[in-house]
Amino acid sequence: MNTDLQKLHDVWMSSRAFQNTDAPKISFDDLTNSIVSTGPFYYYIIDFYDMVLSHVSHSIADIHGLNPQTVTFDDILNTIHPDDIEFVANAESFLHRFFQEKIPPERLLSYKMSYSFRSRMKNGEYVLLNHQALLLTLDENGRSGKSLNIHTRIDHLSKFNTRQISLIGLNGEPSFMDMSLDKSIHDLPVFSRREMEIIRLIAQGLNNNEIAENLFIAVLTVKKHRKNILMKSNCKNTAELISKSVIQGLIY
């Protein structure tokens, strides 16, 4: 096995559940509601206990040319561009440390992970994919059980991989965007629930007055939030903010 792929497996082995975990019943509506689709995508559920896939969408055949009935996790990992495998391994290791140090076990299921990498398509071409992952189950020790993974083509939005990671808080949890592997886990900008609400309303085309009315807050408060959001996200303007948010699966 490729050294970096082995590193990926080692990360998952260190945090995987020690016993099988029963996933909640997943309907098609539940799956699609978890997916931010900005282009062609496929999804699957990976069980880290035994690395077996389930609920593999048929679109994996259109994108990778892989048979959804027989595809394995290693088949999907082997589509990653050789020059991006090390980043993916380091990203997964970073997320593992981040969860251990920053997120209590009872809140792990309220986060969606997102980063991008180049992947080989059915025709042999490599394009940029966005990877989103949502943990579905944990074992009794808080270790990873089953995860819903979604891979979306975003090469129509960007050709360049920023090599950054985002954690999108669900159920009112704060979010962490544009995390770099070379930064300390303790020095990362945190986006509050209110800031996330404002980002989504900006993306819908609402102006400051409309956002204030929608959220029942003062216009001046909206302006302060917008200024803080641009500073935290390191964006020069709203257009760049929206572009980043779409690519990272933030806007849905």
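Residues numbered from 1 in each chain as written. Predicted model: local features only at pLDDT ≥ 70, side-chain atom pairs only at ≥ 80, totals over all residues. Heavy atoms only, no water.

(A) Just the pattern of salt bridges, in detail. On inspection of all chains with the given rule, the structure shows eight salt bridges. Across the pair Lys-146 and Asp-47 runs a salt bridge, and its minimum N-O distance is 3.1 Å. Highlighted residues: Lys-146 in strand β5 (residues 146-153) and Asp-47 in strand β1 (residues 41-47), separated in sequence by 99 residues. When salt bridges that share partners are traced, they join Asp-84, Arg-118 and Arg-163 into one network. (Salt bridge = Lys/Arg side-chain N within 4 Å of Asp/Glu carboxyl O. Helix = DSSP H or I, 4+ residues; strand = E, 2+ residues; numbered from the N terminus.)

(B) Quick peek at helix α8 (residues 219-233). The terminal C-alpha atoms of α8, which comprises 15 residues, lie 21 Å apart, in line with the 21 Å expected from a rise of 1.5 Å per residue. Within the span of α8, buried status applies to Val-222, His-225, Ile-229 and Ser-233. Along α8, the residues classed as buried sweep out an arc of 60° about the axis, all on the same side. Of the exposed residues in α8, the ones pointing more than 90 degrees away from its buried face are Leu-220, Lys-224, Lys-227 and Met-231. Among the structural elements, β7 (175-180), β8 (190-191), α6 (193-203), α7 (208-215) and α9 (238-247) are those in contact with the buried residues of α8. (Expected span 1.5 Å × (residues − 1). Buried < 20%, exposed > 50% of the residue type's maximum accessible area, 1.4 Å probe, protein only. Arc of directions from axis to C-beta. Contact = heavy atoms within 4.5 Å.)

(C) How the structure looks around the packing of aromatic side chains. Counting across every chain of the model gives seven aromatic pairs. Taking the centre distance of 4.9 Å and the plane angle of 75° together, the rings of Phe-98 and Phe-176 count as edge-to-face. Within this pair, whereas Phe-98 is found in helix α5 (residues 85-102), its partner Phe-176 is found in strand β7, the two being separated by 78 residues in sequence. Judged by its relative accessible area of 0%, Phe-98 is buried. Where Tyr-115 meets Phe-117, the ring centres are 6.3 Å apart and the plane angle is 50°; that geometry is what we call tilted. Like Phe-117, Tyr-115 is buried. An aromatic cluster is present here, built from Phe-94, Phe-98, Tyr-111 and Phe-176 joined pairwise through their rings. Between the NZ or CZ atom of Lys-232 and the centre of the ring of Phe-191, over which it lies, the distance is 5.6 Å. (Phe/Tyr/Trp six-rings, centres within 6.5 Å; stacked < 30°, edge-to-face > 60°. Lys NZ or Arg CZ within 6 Å of the ring centre and 35° of its normal.)

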